[in-house]
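# Summary of structural features
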Amino acid sequence: MGKDVFMLGGKEFSSRFILGSGKYNVELIQAAVEQAGAQIITLAVRRANSGGEGNILDYIPKGVTLLPNTSGARNAQEAVRIARLSRELGCGDFVKIEIMRDSKYLLPDNAETVKATDILAKEGFVALPYMYPDLNTARDLVNAGAAAVMPLAAPIGSNKGLATKEFIQILIDEIELPIIVDAGIGRPSQACEVMEMGAAAVMANTAIATAGDIPQMASAFKKAIEAGREAYLSGLGRVREKGGEASSPLTGFLRD
Amino acid sequence: MQTDRRERVNHMEYMEGMEQIESDILDKVIGARSRYQADSYSGQEVRAALSHDNRSIEDFAALLSPAAEPFLEEMAKKAKQETEKHFGNSVYLFTPIYISNYCENYCIYCGFNCHNRIHRMKLNMEEMEKEMKAIAQSGLEEILILTGESREKSDVTYIGEACKVARKYFRMVGIEVYPMNSNEYAYLQKCGADYVTVFQETYDADRYEGLHLAGHKRIFPYRFHAQERALKGGMRGVAFAALLGLADFRKDAFATGLHAYYIQRKYPYAEISFSCPRLRPIMEMEGIAGDGHGGQMKEKAVVPVVEPLGGKEVSERELMQIMCAYRLFLPFAGMTISTRERAGFRDHVIGVAATKISAGVSTGIGSHSEEVEGQGDNQFEIADNRDVDEVTGAIREQGLQPVMNDYVYV
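If you're wondering where the values come from, they're calculated on a predicted model, not measured in any experiment. (Residues numbered from 1 in each chain as written. Chains lettered and ligands numbered in written order. Predicted model: local features only at pLDDT ≥ 70, side-chain atom pairs only at ≥ 80, totals over all residues. Heavy atoms only, no water.)

## A short note on the overall build of chain B
Secondary structure assignment for chain B yields 14 helices and 13 strands. Per-residue burial over chain B gives 63% buried out of 410 residues. Counting every atom, chain B has about 15,500 Å² of accessible surface; 46% of that belongs to carbon and sulfur. (Helix = DSSP H or I, 4+ residues; strand = E, 2+ residues; numbered from the N terminus. Buried < 20%, exposed > 50% of the residue type's maximum accessible area, 1.4 Å probe, protein only. Areas by Shrake-Rupley, 256 points an atom, 1.4 Å probe, with all protein chains shown as cover.)

## Focus on the packing of aromatic side chains
In this description, an aromatic ring pair is defined by two values, namely the gap between the centres and the angle between the planes. Scanning all chains against the criterion turns up 15 aromatic pairs over all chains. Among the aromatic side chains, those forming a connected cluster through ring pairs are B:Y36, B:Y41, B:F60, B:F254, B:Y261, B:Y262, B:F274, B:Y326 and B:F329. In this structure, A:K96 packs its charged tip against the face of A:Y130, placed 5.0 Å from the ring centre. It is B:K153 that lies over the ring of B:Y102; its NZ or CZ is 5.0 Å from the centre. (Phe/Tyr/Trp six-rings, centres within 6.5 Å; stacked < 30°, edge-to-face > 60°. Lys NZ or Arg CZ within 6 Å of the ring centre and 35° of its normal.)

## Brief notes about the confidence of the model for chain B
All names here are of chain B. Residues with a pLDDT of 70 or more make up 90% of chain B, whose mean pLDDT is 87. Confidence over residues 284-299 falls short of pLDDT 50; this stretch has 33 contacts with residues more than four positions distant or in other chains. Here the prediction assigns the complex a pTM of 0.82, and the interface score ipTM is 0.70. (pLDDT = per-residue confidence, 0-100. Contact = heavy atoms within 4.5 Å.)

## Let's talk about the interface of chain B and chain A
Facing the 23 residues of chain B at the interface are 20 residues of chain A. For the chain B and chain A pair, buried surface summed over both sides reaches about 1,900 Å², with 51% attributable to carbon and sulfur atoms. By the criterion of area lost to chain A, the three top residues of chain B are B:E73, B:R265 and B:R342, representing 32% of everything that side buries. In this assembly, chain B and chain A are joined by two salt bridges. Our count for the chain B to chain A interface comes out at eight residue pairs in polar contact (both at pLDDT 80 or more). Of all elements in the fold, only α2 (43-51), α4 (72-87), α11 (249-266), α12 (316-329) and α13 (343-349) of chain B reach the threshold of two or more residues within the side of chain B that touches chain A. (Buried area = accessible area lost by both parts, 1.4 Å probe. Salt bridge = Lys/Arg side-chain N within 4 Å of Asp/Glu carboxyl O. Polar contact = N/O pair within 3.5 Å; in protein donor to acceptor, adjacent residues only side chain to side chain.)

## Examining unusual backbone geometry
For residues that are not glycine, phi is negative in most cases, and the peptide bond is trans in most cases. All names here are of chain A. Positive phi values are uncommon outside glycine, yet L106 reaches one of about 55°. Mapping L106 onto the fold places it in the loop between β6 (94-97) and α4 (110-122). In this structure, N159 is a non-glycine residue whose phi angle is positive, near 55°. Relative to the elements of secondary structure, N159 occurs in the loop between β8 (150-151) and α6 (165-174).

## Some remarks on the side chain of B:S338
Residue and element names in this part refer to chain B. Topologically, S338 is positioned in the loop between β11 (334-337) and α13. A residue is classified by how much of its surface remains accessible, and S338, at 13% relative accessible area, is buried. One polar contact links the side chain of S338 to the main-chain amide nitrogen of R340, over a distance of 2.8 Å.

## A short note on a nonpolar patch on the surface
Together, A:Y105, A:L107 and A:Y132 make up a nonpolar patch on the protein surface, roughly 280 Å² of accessible area in all. With respect to the helices, strands and loops of the structure, A:Y132 is situated in the loop between β7 (126-131) and α5 (135-144). (Patch = residues over 30% accessible without salt bridge, like charges linked within 9 Å, V, L, I, M, F, W, Y side chains within 5 Å.)

## A word on the pattern of salt bridges
In this structure the tally under the stated criterion is 40 salt bridges over all chains. Here A:R16 makes a salt bridge to A:D4, at a shortest N to O gap of 3.0 Å. With A:R16 in the loop between β2 (11-13) and β3 (17-19) and A:D4 in the segment before β1 (6-8), this residue pair connects regions lying 12 residues apart in the sequence. A residue is classified by how much of its surface remains accessible, and A:R16, at 7% relative accessible area, is buried. Of the residues examined, A:D4 reaches a relative accessible area of 24% and is grouped as partly exposed. Close ionic contact of B:E201 with B:R223 constitutes a salt bridge, the shortest N to O distance being 3.7 Å. Here B:R223 lies in helix α9 (residues 220-224) and B:E201 lies in strand β5 (residues 195-201), a separation of 22 residues in the sequence. Each member of the pair, B:E201 as well as B:R223, carries the same accessibility label: buried. Within this structure, B:E149, B:E201, B:K217 and B:R223 form a network of salt bridges that share partners.

Structure follows, in structure tokens:
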């Protein structure tokens, strides 16, 4: 098997596990990143912006690609402003576009996300929009210049798993960009399943942050994601169907 | 008669007036076709392809391969499930109307070609009205307007007028005419037609060159991009086909499927469908073996063309395999079964793979109405002469539902 490279925003990655950095003590980030084997880590720009004590940027290991997100943005304009700020802070050109105008479920606003993606892609950002898995929106995001599409598996932070499985599969089948499943994945087995389906990568945060042993759960996710990827690449075997028919009721009429 | 290749125009170069569009689909399809090695697949890959819910390009390749032949019954079973899932019990009916058989092309396998001395005719507006009225009386609500490929004798305005007449009698109007520019497609869409069928004949560009010796049709890429231009012109749907038997039919079927696949991915709102024509004997040919001079004129004779052209006859089993492979690869696509096939074949493939069937067909000009005097000769021989009532009866016999139309032109 050749080298399996995950290309994103012109960079090469060997890990397909994007780790979130929220919801747990910043002191644990280093260990979690190491155990996860993660090469990309997300952070909320609104946290990086605080400065002084507890600045999350100080705790992220060197050599890891930062994926700042625009959480807190309620519309496209706010997301664009946060992204620009992130670039000024030295967080690079990668940006995960998160726009929510619902504080209860934190579901992404697809229409505003398309607008922000369009603006940010034109400004040279590696735009990675987080979205509700809708095929039409995904196509709009492709046309807007997204570098990948990040559909949610379930409401963010819910750990409910692949609630949107059928719709994610549609995006995997129809969209040429990498599909990074983001939000809702609660267990390593779910991360494995979505990789088997052909997702390019998995992003997880709460599942790890709320585990009993954070570094150990990070390690479990790493293995699950790798297993799912290998299964996908090797081609899943067939499922034998019940019964069999010896006769040819549908082709018996053929003459030659 | 353009028998010397050096005297023929470059078939890959656009002629004046031909619109060029930006598209990478031709390279993708032709590249994949040339790489496709049908003999390299095994039963294991066919079994895997059959077990998948969504089938990949590789699955499609396996299903079209000789390794899939022993699995034909299983393919048909799966195809039937997919057809039922997407189309239910419905089988759509239509009929083609040939309004002109003038042609400026020299396609050596076609009865309409410009060197073939057949009786040429084109319907005037009054005749067209009579013909369409006669067809509509049979209960059909969908019509497919066909012409020979002559811009001079059947220009875009003439075709547009035919579409307008057709709209008076039919709820759905499709066209199968020479490829044109997107603004011309837009014009015909306004006139009432919104489905465009273009057969690429073969996706082997070299073979194509040797079969289409003269005329606009000779330009391979212009024909290839017709569906895309039609969609840019606002057409609702497009149909694809290779004329099976002209070249390696597995490769051509593979390319046809990919052509539709890439178009649908680029234009997700487009409706797509397949036709599955096998090359049939044609009327009265001259020098079909390609010697140019020695060929004898045959009076109204029906002559075989596949073997003399160096092609290979496609068997019913092979045709069935292709149709099932199309269905399994693109389960949502429409599929038309031609009257080139015998009734017994057509009746069994509807509901399994095909979704649309023609009835009351004549490939000649002016043959539907008794009020139209004189007739133009046929393009090819048909194998199923049944009228609309007979075909709807056969559909019901299969437990299926004949549907005349399920579409509103907007």
